[in-house]
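Residues per chain are reported as follows:
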Amino acid sequence: MNDPLIVSYSYSGNTHQIAKTLQAITSGDWCEIHPRHPYPMAFPKLLEQVKREIQTSCYPQLLPGASSPRPYPIIFAGCPDWCGTIAPPLASWLYRNDLSGKIILPFYSYCGGVVGNIRKDIAKLCPKAEVREPLGIVEDGGEPLAEVLRQWIIKNRQAGGTFQ
Ligand SMILES: Cc1cc2nc3c(=O)[nH]c(=O)nc-3n(C[C@H](O)[C@H](O)[C@H](O)COP(=O)(O)O)c2cc1C
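Novice: Hey, could you run me through the pattern of salt bridges in this one?
Specialist: Any two side chains of opposite charge can pair, on the condition that their charged atoms come close. Tallying each qualifying case throughout the model produces four salt bridges. Residue Arg 52 pairs with Glu 48 through a salt bridge whose shortest N-O separation is 3.8 Å. Of this pair, Arg 52 and Glu 48 both sit in helix H2 (residues 43-56), four residues apart, which is roughly one turn of that helix. Overall, the relative accessible area of 53% leaves Glu 48 in the exposed class.

As structure tokens, then:
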């Protein structure tokens, strides 16, 4: 595989755990995304802010430091499922970077609830990228995580394109 970039936003650690395992499997480079202003700790306030950001497509500013996607043909992009879609910090990163011609492999952590059309939501943010079918992992994926990720990568290699 060409060296991939793995980017992840995580509020409570599950998505970073998935990203870390992906890094071990792919030997890619991993960087975390951090919003400039941390989200509230209290759930009602957090939910209110998240809903507002999603409804208005008002993506939060990010701290500098996330890697540039420029050298990477393949990008694994992960975050928690928030209210049926991707968490706004990942939306912000996807929106603010030129991802033309890249293959995006989205993954998300969720608690097993209803998920919207995450692939479509991501494709809107980076219309010139090839966005593959997202992989949903319940919480941190538990013991079978590494095998689930390996199978997902094999399936995507078989799907072809420039993903080798
Ligand atoms: C504001 C908010 C909204 C959420 N919305 C959903 C949802 O719509 N569906 C779902 O299955 N889980 C939802 N969750 C649960 C998270 O996706 C889940 O806990 C995930 O494992 C968190 O990942 P993280 O540890 O990387 O932040 C939500 C959590 C929060 C805090």
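Novice: Any chance you could explain the site of the ligand here in plain terms?
Specialist: The environment of the ligand is formed by 21 residues, the closest being Ser 10, Ser 12, Thr 15, Asp 81 and Ser 109. For the ligand, an oxygen atom lies 2.9 Å from a polar atom in the backbone of Tyr 11. A distance of 2.5 Å separates an oxygen atom of the ligand from a polar atom in the side chain of Ser 12. Contact with the protein chains covers 85% of the free accessible surface of the ligand, which is 650 Å². Within the residue set of the shell around the ligand, elements represented by two or more residues are helix H1 (14-26), H2, strand E3 (74-82) and strand E5 (103-110). Looking at the shell around the ligand residue by residue, the class counts come to ten nonpolar, nine polar and two charged.

Novice: Please explain the side chain of Thr 26 as it appears in this structure.
Specialist: Here Thr 26 is to be found in helix H1. You can call Thr 26 buried: its relative accessible area is 9%. Engagement of the side chain of Thr 26 in a polar contact is seen with the backbone oxygen of Leu 22, the distance being 2.8 Å. Of the polar contacts made by the side chain of Thr 26, one reaches the backbone nitrogen of Gly 28; its length is 3.1 Å.

Novice: Help me out: how do you make sense of the packing of aromatic side chains in this one?
Specialist: The geometry of an aromatic ring pair comes down to the distance between the two centres and the angle between the two planes. Counted by the stated rule, this structure contains seven aromatic pairs. Between the aromatic rings of Tyr 59 and Tyr 95, the centroid separation amounts to 5.6 Å while the plane-to-plane angle is 55 degrees, which identifies the pairing as tilted. One end of the pair, Tyr 59, is in the loop between H2 and E3; the other, Tyr 95, is in helix H3 (residues 88-96), with 36 residues separating them in the sequence. Relative to Trp 152, the ring of Phe 76 lies with its centre 5.6 Å away and its plane at 65 degrees, an arrangement referred to as edge-to-face. Here the residue Phe 76 occupies a position in strand E3, and Trp 152 occupies one in helix H5 (residues 145-158), the gap between them amounting to 76 residues. Take Phe 76 and Trp 152: they sit in the same class, and that class is buried. Three or more aromatic residues joined by ring pairs make a cluster, and in this case those are Tyr 9, Tyr 11, Tyr 39 and Trp 82.

Novice: Got a minute to help me understand the nonpolar core in this structure?
Specialist: One recurring pattern in soluble globular proteins: nonpolar side chains tend to sit buried together. Among the nonpolar cores identified, the biggest contains 29 residues, and Val 7, Trp 93, Leu 94 and Ile 104 are the most heavily contacted of them. Of all the secondary-structure elements, those providing two or more residues to this core are strand E1 (5-8), H2, E3, H3, E5 and helix H4 (118-125). In contact with Leu 94, not counting residues within four places along its chain, are Ala 77, Ile 86, Leu 99, Ile 122, Leu 125 and Cys 126. Counting residues in hydrophobic clusters, the runner-up holds 15 residues, among them Ile 6, Phe 76, Leu 145 and Ile 153.

Novice: Even after reading the chapter, I still don't get the environment of Pro 88, so can you show me in this structure?
Specialist: With respect to the secondary-structure elements, Pro 88 resides in helix H3. Separated by 41 residues in the primary sequence, Pro 88 and Leu 47 place their C-alpha atoms 12 Å from one another. What Pro 88 contacts, discounting residues up to four positions off in sequence, is Tyr 39, Glu 53, Ile 54, Tyr 59, Pro 60 and Trp 82.

Novice: Quick question: what am I supposed to make of the side chain of Thr 15 here?
Specialist: Its location among the elements puts Thr 15 in helix H1. A relative accessible area of 1% places Thr 15 in the buried class. If we ignore the near neighbours within four places in the chain, the residues touching Thr 15 are Ser 8, Tyr 9, Ser 10, Gly 78, Cys 79, Pro 80, Phe 107 and Ser 109.

Basis of the calculations
Residues numbered from 1 in each chain as written. Predicted model: local features only at pLDDT ≥ 70, side-chain atom pairs only at ≥ 80, totals over all residues. Heavy atoms only, no water. Salt bridge = Lys/Arg side-chain N within 4 Å of Asp/Glu carboxyl O. Helix = DSSP H or I, 4+ residues; strand = E, 2+ residues; numbered from the N terminus. Buried < 20%, exposed > 50% of the residue type's maximum accessible area, 1.4 Å probe, protein only. Near = heavy atom within 4 Å. Polar contact = N/O pair within 3.5 Å; in protein donor to acceptor, adjacent residues only side chain to side chain. Areas by Shrake-Rupley, 256 points an atom, 1.4 Å probe, with all protein chains shown as cover. Nonpolar A, V, L, I, M, F, W, Y, C, P; charged D, E, K, R; others polar. Phe/Tyr/Trp six-rings, centres within 6.5 Å; stacked < 30°, edge-to-face > 60°. Core = buried A, V, L, I, M, F, W, Y, C linked by side-chain atoms within 4.5 Å. Contact = heavy atoms within 4.5 Å.

Just distances and angles here, no functional claims.
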